[in-house]
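What the coordinates show
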Amino acid sequence: GKKADLVIGNVLPLRQMPEGTVACCVEQRIGDHGTFARTGGNYVTVVAHNDDSGKTKIRLPSGAKKSVNSKCRAMVGIIAGGGRMDKPMLKA
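**Quick notes on the overall build of the protein chain**
Assigned secondary structure in the protein chain consists of zero helices and six strands. In the protein chain, the succession of α and β elements from N to C terminus is β-β-β-β-β-β. The long-range fraction of contacts in the protein chain, counting pairs at least 24 apart against all pairs at least 6 apart in sequence, stands at 53%. Working note: accessible area of the protein chain is about 6200 Å², and carbon and sulfur atoms make up 52% of it. Separation between the mean location of the 15 positive side-chain charges and that of the 7 negative ones in the protein chain comes to 8 Å.

Below is the structure:
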């Protein structure tokens, strides 16, 4: 919620996260329950806040930068399971 601390696993509005915060499951529009960085090991980084326009700039897992509403929520931290593609898949 809005009064939660900046601790891994808490969901906060982007405007309450300082620059450089790593987050996942970020909403593209307010209330869409998370669109960006939802798969294992993925995360977005909060790059900058623009208080005049109410937008926050984030860096997506692809490296692209996107501007979303600062009221959009995100979960602090990285989703587990990041090394699942490192192990080769063998046949029985």
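**Regarding the pairing of strand β5 (residues 65–69)**
Where strand β4 (residues 55–59) meets β5, five bridges bridge the pair, whose relative direction is antiparallel. Following the sheet pairing, Ile58 is matched in β5 by Lys66. Hairpin connection between β4 and β5: a loop of five residues separates the two successive antiparallel strands, and Gly63 in this loop has a positive phi of roughly 100°.

**Observations regarding the pairing of strand β6 (residues 73–76)**
In this sheet, β6 lies alongside strand β1 (residues 11–13) in antiparallel orientation, the contact comprising three bridges. Pairing of Pro13 across the sheet is with Arg73, part of β6.

**Some points on the pattern of salt bridges**
Enumeration over the complete set of coordinates arrives at one salt bridge. In this structure, the salt-bridge partner of Glu27 is Arg73, at a minimum N-O distance of 3.7 Å. Residue Glu27 is found in the loop between β2 (22–24) and β3 (44–50), and its partner Arg73 is found in strand β6; the two are separated by 46 residues along the sequence.

**Examining the side chain of Glu27**
Here Glu27 falls in the buried class, since its relative accessible area comes to 3%. Of the polar contacts made by the side chain of Glu27, one reaches the backbone nitrogen of His33; its length is 3.5 Å. Apart from residues no more than four positions distant in its own chain, Glu27 is found in contact with Asp32, His33, Gly34, Thr35, Phe36, Val68, Cys72 and Arg73.

Basis of the calculations
Residues numbered from 1 in each chain as written. Predicted model: local features only at pLDDT ≥ 70, side-chain atom pairs only at ≥ 80, totals over all residues. Heavy atoms only, no water. Helix = DSSP H or I, 4+ residues; strand = E, 2+ residues; numbered from the N terminus. Contact = heavy atoms within 4.5 Å. Areas by Shrake-Rupley, 256 points an atom, 1.4 Å probe, with all protein chains shown as cover. Lys, Arg positive; Asp, Glu negative; His and termini not counted. Charge placed at Lys NZ, Arg CZ, Asp CG, Glu CD. Pairing = 2+ DSSP bridges. Salt bridge = Lys/Arg side-chain N within 4 Å of Asp/Glu carboxyl O. Buried < 20%, exposed > 50% of the residue type's maximum accessible area, 1.4 Å probe, protein only. Polar contact = N/O pair within 3.5 Å; in protein donor to acceptor, adjacent residues only side chain to side chain.

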